[in-house]
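# Survey of secondary and tertiary structure
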Amino acid sequence: DSLSKLQLLQRHIRTFPDFPKKGILFRDICPILKDPATLTAVTDLFEEHVRKNYKEVDLIIGLDARGFLFGPLLAQRLGIGFVLVRKKGKLPGPTLSVAYDLEYGKAEAEIQEDAVAPGQKVLLIDDLLATGGTLYAACELMRKQQAEVLGCMVIIELKELNGIDRLKQHSVFSLVQY
Ligand code: PRP
Ligand code: ADE
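For every chain, the first residue of its written sequence is number 1, and the numbers climb from 1 along that sequence. Throughout, the order in which chains and ligands are written sets their labels, letters from A for the former and numbers from 1 for the latter. Where totals are concerned, whole chains, interfaces and linings use all residues; where local detail is concerned, this predicted model gives features only for residues with pLDDT of at least 70, and gives and counts side-chain atom pairs only at 80 or more.

Helix and strand counts for the protein stand at six helices and nine strands. Taken over C-alpha atoms, the radius of gyration comes to 16 Å for the protein, in line with the 16 Å a tight globule of 178 residues would show. Buried, partly exposed and exposed are defined by the number of other C-beta atoms within 10 Å of a residue's own C-beta, namely 20 or more, between the two limits, and 12 or fewer respectively, with C-beta atoms placed from the backbone. Within the span of the protein, comprising 178 residues, buried residues form 33% of the whole. By the criteria applied, helices consist of DSSP H or I runs no shorter than four residues and strands consist of E runs no shorter than two, each listed in order from the N terminus. Every radius of gyration here is taken over C-alpha atoms, with the globule rule written as 2.2 Å times N^0.38, N being the number of residues.

What follows is the structure, encoded as C-alpha cells:
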C-alpha cells in the first residue's frame, strides 16, 4: 500500500551534512535508483497522484538533472510525452531561457521553443524542492510557452526554505518532507 511505499522511499534517502557547501544538508536520492523496488514505488506514488488529481495531462516536464531520472518513467506509465528543461547551453535549435538562484549558486533554465504547444496541460517534476528557484524558472518557461501548469511534483520538499511560497500560484505535491 501507499504507506509501505512511502516507508520504502524514506529508507532510501541519505543525508550528507556540508555538501556541496558548509551548512547545506544534502538529501541524496541515489539509493532510490539503486533499488528497483523503491524506484517502482516512487513511480507508483507519482502515478497514483496524477491519475487521482489530473484527468487530462499532455506532457511531463522534467528539470535538469535529477528530474530526468524520474520524469520519463512517470510519462511512460501515463502514456504521454516527456520534455527536458535543461541548464543553459545544452539544447540545440531555438530556445527560451530564464535565470534563477539556487540554494547554493546560480543557474539558467532553458527549453526548446517548440517543445510545448500553447494551451498544453503540463506537470513539472524534479527530485527536490528547496528555495523553489528551479521550479519557479521552469514555470516561467511554461508561461512563455503559453502552457497550462497543472502542478509541480517532487520527491522531497525542504520545508524550512519555503519554496512553496515562491510557487504560490501552483500546487506542489511532495512525497517526503523535511
Ligand atoms: C537541485 C535539485 C533541484 C534544485 C532545487 O538541483 O535537484 O533541481 O536543486 O533547488 P531550488 O528549489 O532551490 O531551486 P541542482 O541545481 O543542484 O542541479 P543538478 O540536478 O544538476 O544536480
Ligand atoms: N538541491 C538544493 N538543495 C538541496 C539539498 N539540500 N539536497 C539535495 N539537493 C538539493
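We now examine the site of ligand 1. In this analysis, residues qualify as near a molecule or strand once their C-beta atom, positioned from backbone atoms, comes within 6 Å of it. Looking at ligand 1, there are 17 residues lining it, with Ala65, Ala130, Thr131, Gly133 and Thr134 nearest. Among the secondary structure elements, those contributing two or more residues to the shell around ligand 1 are β7 (121-129) and α5 (133-144). Here the shell around ligand 1 takes four residues from β7, the largest share from any one element.

Right, let's get into the nonpolar core. Joined through C-beta atoms within 7 Å, a set of buried Ala, Val, Leu, Ile, Met, Phe, Trp, Tyr and Cys residues constitutes a nonpolar core. If you look at the biggest cluster of nonpolar residues, it comprises 45 residues, and the most contacted ones within it are Val42, Ile61, Val122, Leu124, Leu135 and Ala138. Going through the elements one at a time, α3 (36-53), β3 (59-63), α4 (67-78), β4 (81-87), β6 (105-112), β7, α5 and β8 (148-157) are the ones with two or more residues in this core. For this core, the element with the highest residue contribution is α5, accounting for seven residues. We call two residues in contact when their backbone-placed C-beta atoms lie within 7 Å. Contact partners of valine 122, with chain neighbours within four places excluded, come to Asp58, Leu59, Ile61, Val116, Met142, Ala147, Glu148, Val149 and Leu150.

Looking now at the pairing of β8. Bridge count between β7 and β8: eight bridges; the pairing is parallel. Residue pairing in the sheet places aspartate 126 in a bridge with valine 154 of β8. Seen with its strands pointing away from the viewer, a crossover is right-handed when the path leading from the first strand over the helix to the second is clockwise. Taking the sense of rotation as the criterion, the β-α-β connection linking β7, α5 and β8 turns out right-handed. Here, strands pair whenever DSSP counts at least two bridges between them. As judged from the five bridges shared by β8 and strand β9 (residues 172-177), these two strands associate in the parallel manner.

All right, on to the site of ligand 2 then. Around ligand 2 lies a shell formed by Ile24, Leu25, Phe26, Arg27, Glu103, Leu128, Ala130 and Leu158. The element best represented in the shell around ligand 2 is strand β2 (residues 25-28), accounting for three residues. Residues are sorted three ways: Asp, Glu, Lys and Arg are charged, Ala, Val, Leu, Ile, Met, Phe, Trp, Tyr, Cys and Pro are nonpolar, and all the rest, Gly among them, are polar. The residue makeup of the shell around ligand 2, split by class, is six nonpolar, no polar and two charged.

To continue, consider the sheet that holds β6. Across a sheet, paired strands are connected by hydrogen bonds in the backbone, their directions being either parallel or antiparallel. Strand order across the open sheet formed by seven strands is β5-β6-β4-β3-β7-β8-β9, with mixed pairing between neighbours. Taken across any chain shown, the strands that pair with only one partner, and hence form the sheet edges, are β5 (95-102) and β9. For this sheet, the mean inter-axis angle between neighbouring strands, taken without regard to orientation, is 25°. Sheet topology note: the β3/β4 ladder contains five bridges and is parallel. Considered in β4, the bridge of isoleucine 61 is made with valine 83. For helices, the fitted line uses only the C-alpha atoms of the stretch in contact; every axis is such a line through C-alpha atoms, and the angle between N-to-C directions lies from 0 to 180 degrees. Across the sheet, α5 lies against β3, β4, β5, β6, β7 and β8, angled at about 155° from β5, the strand it touches most.

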